[in-house]
Amino acid sequence: MSRTCLITGVGPGTGSALVRRFAEGGYDVAMLARSEDRLKSLSDEMNSAHYYACDVSDPGALDATYATIKSELSAPAVIVHNAVGAEQGTYMDINPDGMRKAFEINTMSLLQLARLATDDMIGAGGGAIICTGNTSAYRGRPRFAGFAPTKAAQRILLESIARESGPKGIHAAYIAIDAVIDLPWTREMMPDRSDDFFCKPVDIAEECYRVAHQPPSAWSFESVIRPYGETW
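Every residue gets a number counted from 1 within its own chain, in the order that chain's sequence is written. Residue-level local features of this predicted model are given only where pLDDT is at least 70; pairs of side-chain atoms are given and counted only at 80 or more, and the full residue set underlies all totals for whole chains, interfaces and linings. As a rule here, side-chain values come from all non-hydrogen atoms in the structure, and water together with hydrogens is ignored.

### Observations regarding helix H2 (residues 37–45)
Phase 1: A simple rule labels every residue: compare its accessible area, found with a 1.4 Å probe on the protein chains alone, to the largest value its type can have, and call it buried under 20%, exposed over 50%, or partly exposed in between. Helix and strand definitions follow DSSP, with helices as H or I runs of at least four residues and strands as E runs of at least two, each counted in order from the N terminus. When we look at burial in H2, the residues that qualify are Leu39, Leu42 and Ser43. One side of H2 carries all its buried residues, which in axial view fall inside an arc of 100°. The exposed residues of H2 that point more than 90 degrees off its buried face are Asp37 and Asp44.
Phase 2: Those residues of H2 hidden inside the fold are in contact with helix H1 (14–24), strand S2 (28–33) and strand S3 (49–53). In this description, one arc is meant: the one made by directions from the helix axis to the C-beta atoms. Here, two residues are considered to be in contact whenever any of their heavy atoms come within 4.5 Å of each other.

Here it is as structure tokens:
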């Protein structure tokens, strides 16, 4: 029986690369995004990729989608929470409602997914909950006042989950991407940057897959990845 990997926030960059990597690893992949349109082409490309339109900030929709995935595939052995909401600006400029929405996407949906999956993973003998993040989880820069607090909360919540669920066989890990991800629009925005300045989605996906399959004697909670050209 094939294992299932649930991936949120499947878009044309990191999300799609994650789907391909876990499908290559033998998983049935449940792809979540708000719109089905961006998921259909991936589903057509790979028989093991299955799409589910879901706004992860909607608790009822997320509950129903998780139940459907269990019914149609199986309970997820791996969850990669890649969905992200952002409200950028200084603390004087941000829209508080936008920040609340980002908190729901980044943090509250992680809580809900972990609560939904825990009993299933324990019953299956273990599992992994991986979250893709960035260095906003560690520092609050002026124009990230509406975003950094939601990512910091996400990382701390996952640390709490790791401490509680680790002894039960569930590996929770945070992968922070300190980089500009290689996408067409980032290339256009930074045309003078060399190729090795950008972090490739396929390499991000490879790191997520590696961490999800670490042996229990050498689990890591945090992995920070960056190209050498990134200032840090």
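### Remarks on the nonpolar core
Phase 1: If you look at the biggest cluster of nonpolar residues, it comprises 31 residues, and the most contacted ones within it are Ile7, Val19 and Phe22.
Phase 2: Sorting the residues of this core by element identifies strand S1 (4–7), H1, S2, H2, strand S4 (76–81), strand S5 (127–133), strand S6 (170–177) and helix H7 (201–212) as the ones contributing at least two each.
Phase 3: For this core, the element with the highest residue contribution is H7, accounting for six residues.
Phase 4: Ignoring anything within four residues of it in the chain, the contact list for Phe22 reads Cys5, Ile7, Tyr27, Val29, Val78, Val80, Cys208, Tyr209, Ala212 and His213.
Phase 5: By nonpolar core is meant a set of buried Ala, Val, Leu, Ile, Met, Phe, Trp, Tyr and Cys residues that side-chain atoms within 4.5 Å join together. In this structure, Leu110, Ala114, Ala117 and Ala137 belong to the second largest nonpolar core, which totals 30 residues.

### Here we look at the sheet that holds S4
Strands belonging to one sheet form pairs held by backbone hydrogen bonds; the direction of such a pair is parallel or antiparallel.
Phase 1: The seven strands lie next to each other as S3-S2-S1-S4-S5-S6-S7, forming an open sheet whose pairing is parallel. Each end of this open sheet is capped by a strand with a single partner; those strands are S3 and strand S7 (222–225). The mean inter-strand angle of the sheet, taken between neighbouring strand axes irrespective of direction, is 20°.
Phase 2: Only strands that DSSP links by at least two bridges are regarded as paired with each other. Taken together, the four bridges between S4 and S5 define a ladder with parallel strand orientation. Bridge assignment links Val80 to a residue of S5, and that residue is Ile130.
Phase 3: For helices, the fitted line uses only the C-alpha atoms of the stretch in contact; every axis is such a line through C-alpha atoms, and the angle between N-to-C directions lies from 0 to 180 degrees. Contacts from helix H3 (residues 59–72) reach S1, S2, S3 and S4 within the one sheet, and its direction differs from that of S3 by about 155°.
Phase 4: Strands in contact with helix H4 (residues 96–123) are S1, S4, S5 and S6; relative to S4, the strand with the most contacts, it is inclined by about 170°.

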